[in-house]
Protein chains: 2
Amino acid sequence: MNPAEVSAAFRPKKSVALSGTAAGNTAICTVGQSGNDLHYRGYDIADLAAHCEFEEVAHLLIYGALPTSAQLAAYKARLRSLRGLPAQLKSALELLPASAHPMDVFRTGVSVLGCLKPEAEDHNESGARSIADALLATLPSMLVYWYQFARSGGKRIDVEAGGDSIAEHFLHLLHGAAPSKEWIAAMQASLILYAEHEFNASTFTARVIAGTGSDLYSSITGAIGALKGPKHGGANEVALAIQQRYASPDEAESDILRRVENREVIIGFGHPVYTIADPRNAIIRASARSLATTPEGRRLYAVAERIETTMQRAKKMFPNLDWYSAVAYHLMQIPIDLFTPLFVLARTAGWSAHVIEQRQDGKIIRPSANYVGPENLRFIPLNQRT
Amino acid sequence: MNPAEVSAAFRPKKSVALSGTAAGNTAICTVGQSGNDLHYRGYDIADLAAHCEFEEVAHLLIYGALPTSAQLAAYKARLRSLRGLPAQLKSALELLPASAHPMDVFRTGVSVLGCLKPEAEDHNESGARSIADALLATLPSMLVYWYQFARSGGKRIDVEAGGDSIAEHFLHLLHGAAPSKEWIAAMQASLILYAEHEFNASTFTARVIAGTGSDLYSSITGAIGALKGPKHGGANEVALAIQQRYASPDEAESDILRRVENREVIIGFGHPVYTIADPRNAIIRASARSLATTPEGRRLYAVAERIETTMQRAKKMFPNLDWYSAVAYHLMQIPIDLFTPLFVLARTAGWSAHVIEQRQDGKIIRPSANYVGPENLRFIPLNQRT
């Protein structure tokens with residue numbers, strides 16, 4: 001979908017169904033309680049993003065507590081040991097064409113893994129956590145294995161090579177070389193910021209699926225499908241397309257003002273829950289700025305920043321996480337259609353935590369609907385219909 | 001999951017989250033408005049099941065109206081022309097082990113198809129309907145192709161052979177021979193009864209995914225994952241396991257009374273929406289009875305019927321659609337783990353209609369949650385954690 005199509009499809013805040021309606025209890029996350037804050041299991045996102053690796057935050061979400069140094073070392077070692085892909089999964093990935101959307105590839109890869117290594121029938125928590133860990137470890141392998149095979153002429157990479165952390169592993173596989181410390185730090189922060197966000201649409205999808213008693217792979221597969229939508233995870237791809245439209249900040253400012261006057265929605269701004277600002281914005285903006293070391297990078301950053309100030313002045317709207325994530329990812333030379341898959345990689349930690357929590361809750365989620373169709377139509381047999 | 005585990009996991013009516021909360025508008029279906037009725041687009045399910053083929057009902061759901069004779073003939077001819085599977089999809093199915101759950105195979109097959117033949121980016125309704133039709137036509141091919149390959153020693157069947165209708169096509173592929181008129185009629189009725197049911201958990205999953213602007217394959221893939229759960233589509237498999245526990249109606253009656261006294265939940269009875277009875281029960285019961293032509297078949301039917309009267313007397317509980325569907329499917333020699341996939345085949349008509357409707361609505365579905373976790377924990381740096 002191009003930005004204009006997305007803008008046409010996008011509706012403002014009032015069009016959020018179930019907005020403000022509690023669909024369950026959670027101890028995992030609060031979003032915007034003060035209008036501008038985000039907490040994972042009681043911890044402020046600003047602290048987590050400034051001081052943690054993604055693996056610490058994944059441990060917090062999936063296991064319920066921040067790890068000690070020894071626990072973190074053991075956890076990271078275990079995740080490294082899980083990076084390999086089963087042969088049948090590699091073969092399945094090789095069947096998917098280069099033209100496939102990487103989100104469709106992810107959705108398929110997780111589904112195949114669920115056939116090859118199904119969850120135990122009793123859905124015990126220890127087993128579910130192990131699957132969550134295996135997914136965190138193999139998602140970069142899965143994505144980049146397909147990417148290099150399909151789009152680099154059949155190249156079969158060694159998915160177990162490269163890097164101490166998930167952030168480093170992904171960048172190493174993608175670029176075929178060890179990434180800089182700055183890139184690893186930016187990727188860690190980005191994964192932490194994307195890891196969890198309460199009952200957003202993809203997490204809610206995972207919980208609805210889990211509520212029927214289905215398995216973790218089914219929940220994650222469904223969540224990936226939901227995240228793909230341009231009103232949800234797909235937004236960071238659209239944000240970059242907007243930023244790349246402009247040769248200079250001045251050009252961006254005048255064009256955005258014109259579009260705002262025409263009531264066009266600018267993807268990357270505003271949020272259905274935050275009212276004051278997105279607390280993740282300042283963090284990812286700082287990451288993006290630190291990566292803007294070339295003239296082209298500084299220009300892209302300057303355009304993004306000018307659109308931020310323009311939207312603030314003209315519409316009192318703030319950028320959400322997707323806006324500068326797009327800048328940061330582009331500056332790390334990540335292809336645009338891998339942006340949303342990176343969101344998957346991060347959010348799998350949150351999704352898994354929510355599935356485990358939904359199972360403890362034990363409820364099936366089954367709303368009702370307002371019927372607006374015809375009532376009591378008289379049935380007409382086939383041979384009398386005209 | 002065995003019946004005891006399911007019973008332990010199952011909760012009664014009050015544990016339905018969002019029960020009675022409208023999550024959107026629909027013109028597709030009403031469930032239980034009088035406590036005991038079901039209408040598809042205004043038509044009574046009793047009329048549809050008694051007089052229609054599944055293709056007429058699929059046309060009603062997906063295209064909005066019952067077809068004329070000429071439209072139905074053209075629609076069925078088109079569906080027959082769409083039965084083939086792409087070579088890469090066959091190869092992908094061949095990679096999935098015989099031990100895989102057929103629901104996981106379906107989830108994977110639909111996801112692969114979404115990589116091979118993606119939906120047009122503008123998600124126009126005509127394209128969405130074509131994909132829905134292609135899924136209805138290919139789901140039997142996909143399921144039985146994998147089933148015969150994985151479980152009959154690598155047999156590669158011709159998926160385009162066999163049968164005028166979807167019901168006949170499925171039975172023909174599965175048994176390798178033309179089914180009887182009685183079996184085709186029973187399968188038609190069953191598919192019609194399973195085709196649609198308002199905002200049930202799998203349909204709601206499809207709508208949440210569609211609400212983000214994602215594609216139809218993602219919605220269906222997620223819905224399959226939700227339907228897999230034993231509190232939803234998986235119930236018909238559990239129902240047969242219960243019925244097969246007993247050698248006679250008398251044995252069934254005394255054991256069920258004992259279990260009811262122990263407050264055990266009997267899968268296949270009761271419903272979160274219907275209060276008086278499930279209007280689909282009498283229809284599928286008649287189908288099941290008509291198929292019970294052998295001594296073993298009559299015994300199974302008699303056991304199911306005795307449990308119905310026992311549950312009515314002891315608990316005032318009525319059987320839902322799953323109870324006699326299990327009997328009917330078993331009498332058509334359908335392997336138990338293909339029961340829920342048949343539900344997928346039928347419900348794909350309803351799911352697709354809901355995705356198209358959700359897109360017209362244009363809303364993202366994003367509820368909130370009650371936070372019950374810790375507040376404002378002080379962050380402790382890694383090297384100080386104990």
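The sections below set out a description of the structure shown in this document.

Definitions and cut-offs
- Residues numbered from 1 in each chain as written.
- Chains lettered and ligands numbered in written order.
- Predicted model: local features only at pLDDT ≥ 70, side-chain atom pairs only at ≥ 80, totals over all residues.
- Heavy atoms only, no water.
- Least-squares fit on C-alpha atoms with pLDDT ≥ 70 in both.
- Contact = heavy atoms within 4.5 Å.
- Axes fitted to C-alpha atoms, helices over the stretch in contact; angles between N-to-C directions.
- Helix = DSSP H or I, 4+ residues; strand = E, 2+ residues; numbered from the N terminus.
- Parallel < 35°, antiparallel > 145°, perpendicular 65-115°, else oblique.
- Left-handed = near helix turned anticlockwise from the far one by under 90°.
- Nonpolar A, V, L, I, M, F, W, Y, C, P; charged D, E, K, R; others polar.
- Buried < 20%, exposed > 50% of the residue type's maximum accessible area, 1.4 Å probe, protein only.
- Salt bridge = Lys/Arg side-chain N within 4 Å of Asp/Glu carboxyl O.

Quick look at the relation of the copies chain B and chain A
Reasoning step 1: At an RMSD of 0.0 Å, chain B and chain A line up after a rotation of 180 degrees and a shift of 0.0 Å along the axis. Expressed as a symmetry operation, the mapping of one chain copy onto the other fits a two-fold axis. Considering only C-alpha atoms, the part of chain B nearest the rotation axis is glycine 222 of chain B, at 1.9 Å.
Reasoning step 2: Looking at chain B, 99% of its interface residues are interface residues in chain A too, so the copies touch through the same face.

Description of the packing of helix α3 (residues 54-63) of chain A against helix α7 (residues 125-151) of chain A
Residues and elements named next belong to chain A.
Reasoning step 1: Two elements in contact, α3 and α7, have axes whose closest approach is 11 Å; the angle formed by their N-to-C orientations is 155 degrees. It follows from the interaxial angle that α3 and α7 lie roughly antiparallel. When the axes of α3 and α7 are compared, the crossing they make is right-handed. Listed contacts from α7 to Phe54, Ala58, Ile62 and Tyr63 of α3 are Arg129, Ala132, Asp133 and Leu136.
Reasoning step 2: A breakdown of the residues in the contact of α3 with α7 according to their chemical character gives 6 nonpolar, no polar and 2 charged.

Looking at the environment of cysteine 115 of chain A
Reasoning step 1: Within the secondary structure, cysteine 115 of chain A sits in helix α6 (residues 102-116).
Reasoning step 2: With relative accessibility at 1%, the residue cysteine 115 of chain A sits in the buried group.
Reasoning step 3: Those residues in contact with cysteine 115 of chain A that lie beyond four places of it in its chain are Leu96, Pro97, Ala100, Asp104, Val105, Arg107 and Thr108 of chain B.

Things to note about the pattern of salt bridges
Reasoning step 1: With the rule as written, the count across this model stands at 51 salt bridges over all chains.
Reasoning step 2: Note that arginine 313 of chain A and glutamate 253 of chain A form a salt bridge whose closest N and O atoms lie 3.2 Å from each other. Of this pair, arginine 313 of chain A sits in helix α15 (residues 295-315) while glutamate 253 of chain A is found in helix α13 (residues 249-261), placing the two residues 60 residues apart along the sequence.
Reasoning step 3: Judged by relative accessible area, arginine 313 of chain A falls into the exposed class, the value being 53%.
Reasoning step 4: Between arginine 359 of chain B and glutamate 119 of chain B there is a salt bridge whose closest N-O contact spans 2.8 Å. Residue arginine 359 of chain B is found in helix α17 (residues 339-361), and its partner glutamate 119 of chain B is found in the loop between α6 (102-116) and α7 (125-151); the two are separated by 240 residues along the sequence.
Reasoning step 5: When its relative accessible area of 9% is taken as the criterion, glutamate 119 of chain B is described as buried.
Reasoning step 6: Here the salt bridges share partners, and the residues they tie into one network are Glu53, Lys76, Arg80 and Asp164 of chain A.

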